[in-house]
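Overview (structure and organization)
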Amino acid sequence: MSDALSFMEEDLTCIICCDVFTDPVTLKCSHSLCSECLQSFWMTQEVPQCPVCRKKCSSDEPTKSLAFRALCESFKTRKPTAVSGDVCPLHKETLKLFCFDDKKPICVVCYTSKKHKNHKCSPVEEAAGNLKEQVKEKMGRLEVTLADFKKAHESCVEEDELIKEHISVEESKIKKEFEKLHQFLKEEEEKRIKALHKEMQNRNEKLKARMDDLSAQMSDLSERTATLWKHLEAENITFLQNYRDALEKFKHPSAPDVSPEMEKFQHHPIQTLIFTTWARMQNLVKQPPVTLDPDTASDKLWVSQDCTSVQYVQKRMNVPDIPERLCAGVLASEGFSSGLHCWDVEVGDNVHWILGVVGETVYRKKLYKMDPMSRFWCFRYVDGRYMRGYTPVRYIEDDERPSIIRLQLDLYKGQLRFIDPFRNRILCSYKGGFPERVFPYFCTGDPIMPLNVFPANQQQQ
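Calculation notes
Residues numbered from 1 in each chain as written. Predicted model: local features only at pLDDT ≥ 70, side-chain atom pairs only at ≥ 80, totals over all residues. Heavy atoms only, no water. Pairing = 2+ DSSP bridges. Helix = DSSP H or I, 4+ residues; strand = E, 2+ residues; numbered from the N terminus. Axes fitted to C-alpha atoms, helices over the stretch in contact; angles between N-to-C directions. Buried < 20%, exposed > 50% of the residue type's maximum accessible area, 1.4 Å probe, protein only. Contact = heavy atoms within 4.5 Å. Core = buried A, V, L, I, M, F, W, Y, C linked by side-chain atoms within 4.5 Å. Salt bridge = Lys/Arg side-chain N within 4 Å of Asp/Glu carboxyl O. Phe/Tyr/Trp six-rings, centres within 6.5 Å; stacked < 30°, edge-to-face > 60°. Lys NZ or Arg CZ within 6 Å of the ring centre and 35° of its normal. Arc of directions from axis to C-beta.

Now for the sheet that holds strand β7 (residues 301–303). Taken in spatial order, the seven strands line up as β7-β8-β19-β10-β15-β16-β17 in an open sheet, and their pairing is antiparallel. Each having just a single partner strand, β7 and β17 (425–431) make up the two edges of the open sheet. Adjacent strand axes in the sheet meet at a mean angle of 20° when their direction is disregarded.

Shown next, in the form of structure tokens:
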């Protein structure tokens, strides 16, 4: 029965007020609504229309049905009414008390029952007033917590935006730096291949000239041989008459070397080339720990704009003769009095260079005496010989000529070492300490090949 009434209620419910029709009216589209609900709805519309199907209507269109109205009223009387919310569902008594132990409203009968014996109870109005104040207080704390959560969320949003911005900036930096590396490697590759082709071209030109010379001599010898065969085939008297001329045909240049030594066209193994390129590439990654000080460079040394390269010039430059300037060579911009310091110098095919360290107080307007007593610790390559100061270093072969010299200054141990990093061997070293602050020293007398300074691994070799 209740299911039938429920089903019937759906058909008798106004779409606007969601209740059983009151004074129902029906439109031409067959949709029914409460008369008052329809008029209120039309007041919000410029053109009257059905709230259900949106069909246009006229103001005199709604029609009333007494039978339909009676049906709705009958349904309302037959519909079971729900128990009021302020009535106890067990005893049908008004809920006048609130039980704090069970946290629910109760009636007087419930209060006198065993179930609520010794429970703390108060009248509904009193309990509601107190509990509302408690709830408001807790809501205040809850709202504060909610505000904190909102601030935390806003902070996360801001941080998210900063992270996105940071990622974008860092991504641009990474791309820019790797573009530098790619461009550097591309230029190095092109430069090395160009140098290889140039050297091979020179070698081919020499070889072609030798081949042309040999061809010319071969042609001359072939003609002589043909003439001599004619002399041999002639009559004896004719042969003897031409014998003196025949002897002249035997005069020819000495026989050429049929297996001449191949001319070397590669100064260093490919591994050395790769190592040198890798070392030079470090200039793009970080600021080198040792840079040159142009104010200390002699008037025949040119220092690059980035202060990492020095080259000898044959004509003296017009530079001011300031106290810092050396008579010969150039110093680093920073001296060292403690710690472990390491730097690499690319000497390549430079035929005249001096590397080392000098004391801070040495007189700069005359040539240094190359020994530790004069506070000059150096390693040099001059006239095809390696020298530790004035002492020749005889154990470096021509085919082991280093392209890079690594200087390792250990002021903790008081020693300076010159190392071939590719072969991982010590070329020469100084021990005994340094009495004062020292500056890295560089000097070259080769006008073609500069000296290039770049960072090195400070790990002890």
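Let us keep going from here.
On to the sheet that holds strand β3 (residues 63–64), then. Within a beta sheet, neighbouring strands are joined by backbone hydrogen bonds and run either parallel or antiparallel to one another. Read from one edge to the other, the open sheet built from three strands follows the order β2-β1-β3, with strand pairing classed as antiparallel. The open sheet is flanked by β2 (32–34) and β3, the only strands paired with a single partner. Direction of pairing for strand β1 (residues 24–26) relative to β3: antiparallel, over a ladder of two bridges. Within β3, the residue paired with Val25 across the bridge is Lys64.

Here we take up the environment of Cys53. The topology assignment puts Cys53 in the loop between α2 (35–42) and β3. Given a relative accessible area of 37%, Cys53 falls into the partly exposed group. For Cys53 and Cys29, which are 24 residues apart along the polypeptide, the C-alpha to C-alpha distance reads 8.1 Å. Every residue in contact with Cys53, bar those within four places of it in the chain, is listed here: Cys29 and His31.

Ranked by size, the top nonpolar core spans 35 residues in total, and within it Trp343, Trp353, Leu355, Phe379, Ile405, Phe418 and Phe442 carry the most contacts. Not counting the four nearest positions on each side in its chain, Trp353 is found in contact with Val347, Phe379, Arg380, Tyr381, Val382, Tyr386, Ile405, Cys443, Thr444 and Leu451. Ranked by size, the runner-up nonpolar core spans 18 residues in total, among them Leu12, Phe41, Trp42 and Cys57.

What follows covers the pattern of salt bridges. Within this structure, the stated rule accounts for 16 salt bridges. Residue Arg425 pairs with Glu400 through a salt bridge whose shortest N-O separation is 3.0 Å. On the criterion of sequence distance, the pair formed by Arg425 in strand β17 and Glu400 in the loop between β14 (391–393) and β15 (404–410) is long-range, its members being 25 residues apart. A salt bridge links Arg423 to Asp420, with the shortest nitrogen-to-oxygen separation between them at 3.0 Å. Accessibility expressed as a relative area gives 29% for Arg423, which makes it partly exposed. Relative accessible area serves as the criterion here: at 2%, Asp420 is assigned to the buried category.

Time to look at unusual backbone geometry. The backbone of Arg375 shows a phi angle near 60°, a positive value even though the residue is not glycine. For Arg375, the location among the structural elements is in the loop between β11 (352–359) and β12 (376–382). Residue class for Arg375 comes out partly exposed when judged on its relative accessible area of 29%. Positive phi, close to 55°, is recorded for Asp383, a residue that is not glycine. Of note, Asp383 is situated in the loop between β12 and β13 (385–388).

Below, the discussion takes up the packing of aromatic side chains. Within this structure, the stated rule accounts for 14 aromatic pairs. Ring geometry for Trp377 and Phe434: centres 4.9 Å apart, planes at 70°, overall edge-to-face. Within this pair, whereas Trp377 is found in strand β12, its partner Phe434 is found in the loop between β17 and β18 (438–444), the two being separated by 57 residues in sequence. Take Trp377: its relative accessible area is 3%, and that puts it in the buried class. The buried category is assigned to Phe434, whose relative accessible area is 17%. Measuring from ring centre to ring centre gives 4.5 Å for Tyr381 and Tyr386, while their planes differ by 45°; the resulting arrangement is tilted. Judged by relative accessible area, which is 9%, Tyr381 ranks as buried. Among the aromatic side chains, those forming a connected cluster through ring pairs are Trp353, Phe379, Tyr381, Tyr386, Phe418 and Tyr430. Across the ring face of Phe100, the terminal group of Lys120 is positioned such that the distance to the ring centre comes to 5.3 Å. Geometry around Tyr430 places Arg388 over its ring, the cationic atom sitting 4.0 Å from the centre.

Those residues of α2 lying buried are Ser35, Cys37, Leu38, Phe41 and Trp42. Buried residues of α2, viewed axially, fall in a sector of 165°; they line one side. Those residues of α2 that are buried are in contact with β1 and β2.

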